[in-house]
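Listed below are the residues making up each chain.
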Amino acid sequence: MIEKPRSGWRVAPNMPAYEEARASFSWAAAEHELAGLPGDKGLNIAHEAVDRHCLEGRGGRQALRWLGRHGERKVITYAELSARTNRFAQLLAGLGIRPGERVFSLLGRIPELYIAALGTLKHRAVFCPLFSAFGPEPIRARMKIGDARVLVTTSALYRKKVAALRDALPDLKHVLLVEGGGEPGTEDLQALLARASDAYEIGATSPEDMALLHFTSGTTGTPKGAIHVHQAVLSHHVTGALALDFHPGDIFWCTADPGWVTGTSYGIISPLTHGLTCVVDEADFDAERWYRILQDERVTVWYTAPTAVRMLMKAGDELPRRFDLGALRLIASVGEPLNPEAVLWGQRALGLPIHDNWWQTETGGIMVANYASMDIKPGSMGRPLPGVVAAIVRRLEDGSVEQVDEPDREGELALRPGWPSMFRGYLHEEERYRKCFAKGWYLTGDLARRDKDGYFWFVGRADDVIKSMGHLIGPFEVESALLEHPAVAEAGVIGRPEPVIGELVKAFVSLKEGFTPGEALRRELLAHARTRLGAVVAPKELEFVPTLPRTRSGKIMRRLLKARELGLPEGDTSTLEAPA
Ligand code: ATP
Ligand code: MG
């Protein structure tokens, strides 16, 4: 347990006492923190994120601090962001794009991505970001499902990945290229922006109007297009305050790419609704670069992912000591289970524990979290956000579910719908959406348990859990034990069908630099796991691999490890990071 101080904070947390906040919270009351569109015209994400700050005299604040791959630096204030997003909205209007139609982006982390996102929301069209490293097929499939009308991209990405798809996408009316370039069938974004006016009045927006379309990571199968509405901004705002502890003047860095929901909900919307300064780094992961950014930009709140934390751990404890990370106040992580070892490493190497939190593309915002003021049990995802009701349920044979009330019993993590950023459907997949609900619960597909103190512990995705000798084994627990060994950089654990015991626990392990695979080390790791976990849960087999297959958002794809182990078809690999 990592205990938090009860007083004497450098900056007092927004939520000093979890229980009290939970008891008194209501979404209706929280709504008063949002501005709403002037003239009672509803609720629009872009107004909350950008224009309200200008109206309230904060236009001169830095909204985005963009760090280019090669050392360039551009600062965009709220006033500039407002004018530039107005132009983008105006441009869409000029092209005849109607509210509700989908605008896709296929861009690296450049300012135009942020402008397109917010400009689209101003125009009440629906923004759908695609991760720029996707290949042509995942791009085509997502644009098809999403009925893409407009695509904003670069000439290079267009030539390489989209040009050949145009015939397959007859409804894609406009392709706007960031630097022009005169490709046939495209338009020059800058020229159009230059012609557009920078005055734009956001039209009446219902909180239930569709705002964002986000595809899931595809970790467990074909990605789904989750629909989010403008009302989601209330969750984004509240979770920014309660889970990420945003305070005025914070410099916030979310390392996730806006091609994934984290990079939009928290890389764009949530911090901007709080009027913060967001650091945007165009470059890919590099341990030294990242520490330098934390130091030079004086980042106060940092939101990252377990895969990045593991890579930083791999780079060693000495490296962070060379940097002044003294501005940092809170570090949080999402996307995968955060191994207890990683939480403790943060405390040791960065001077702060890492706060794990749990949510999904479908939930649109943070649902379960370790809060700034709350003691951390390393390995736990924390406790449900005030305003969110979470439970552990068991599926029954008749398709319904029952709640599991005893502490420490495993079951599926379920949430009571009603928070603002709950997805409103999977686009064109009504049946798949319907199947997520039973007895008034939204079933997350993740297995977890709740301890007697109300902390939730992730066990594994329902699809990844291993059934061995009558026991249910969560891969996370086994991977975490392996990760405690100094040689292990990453571990992925699966169940291999075995007639007698059901499934046999098998681990795939990649090693840190300086360690070489070999029989002696293999035995040592198996023995280490047995000591930590006991014979039933410990892996029986262990294979060394150079890297583990991961989604492009950095999640270990256990289903792929399993398919490969069994020689089965690999299924949807559209989000697989190459090479695996
Ligand atoms: P798909 O649904 O297409 O298989 P995905 O579930 O990986 O992909 P996302 O919505 O990006 O797509 O990820 C949400 C999932 O990530 C959660 O359901 C959970 O399995 C995992 N996850 C996220 N945060 C955590 C966390 N803190 N601890 C454990 N697991 C987490
Ligand atoms: Mg999922």
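Here goes a summary of the coordinates provided. (Residues numbered from 1 in each chain as written. Chains lettered and ligands numbered in written order. Predicted model: local features only at pLDDT ≥ 70, side-chain atom pairs only at ≥ 80, totals over all residues. Heavy atoms only, no water.)

For the pair helix α5 (residues 111–122) and helix α10 (residues 261–273), interaxial distance at closest approach is 11 Å and the crossing angle is 65°. With respect to α10, the element α5 is oriented roughly perpendicular. With respect to the hand of their crossing, α5 and α10 are arranged in right-handed fashion. Together, Tyr114, Ala117 and Leu118 of α5 and Gly267, Ile268 and Leu272 of α10 make up the contact between the two elements. For the contact of α5 with α10, the residue count by class is five nonpolar, one polar and no charged. (Axes fitted to C-alpha atoms, helices over the stretch in contact; angles between N-to-C directions. Helix = DSSP H or I, 4+ residues; strand = E, 2+ residues; numbered from the N terminus. Parallel < 35°, antiparallel > 145°, perpendicular 65-115°, else oblique. Left-handed = near helix turned anticlockwise from the far one by under 90°. Contact = heavy atoms within 4.5 Å. Nonpolar A, V, L, I, M, F, W, Y, C, P; charged D, E, K, R; others polar.)

Before going further, it helps to spend a moment on the site of ligand 1. The environment of ligand 1 is made up of 22 residues, and the closest members are Gly218, Thr219, Thr220, Thr361 and Lys555. Here a nitrogen atom of ligand 1 sits 3.4 Å away from a polar atom, N or O, in the main chain of proline 337. Protein contact buries 96% of the 630 Å² of open area that ligand 1 shows by itself. Residue assignment for the shell around ligand 1 shows that the elements contributing at least two residues are β14 (354–358) and β22 (456–461). Considering only residue class, the shell around ligand 1 consists of six nonpolar, nine polar and seven charged. (Near = heavy atom within 4 Å. Polar contact = N/O pair within 3.5 Å; in protein donor to acceptor, adjacent residues only side chain to side chain. Areas by Shrake-Rupley, 256 points an atom, 1.4 Å probe, with all protein chains shown as cover.)

What follows is about the pairing of β14. For β14, the buried fraction is high: five of the five residues fall into the buried class. Pairing analysis gives three bridges linking strand β13 (residues 330–333) to β14, with the strands arranged parallel. Along β14, the bridge assignment pairs isoleucine 331 with isoleucine 354. For the segment spanning β13, helix α14 (residues 340–350) and β14, crossover handedness is right-handed. Examined bridge by bridge, β14 and strand β15 (residues 368–369) share two bridges and lie antiparallel to one another. When the bridges of β15 are listed, tryptophan 358 appears paired with valine 368. (Buried < 20%, exposed > 50% of the residue type's maximum accessible area, 1.4 Å probe, protein only. Pairing = 2+ DSSP bridges. Right-handed = clockwise from strand over helix to strand, strands pointing away.)

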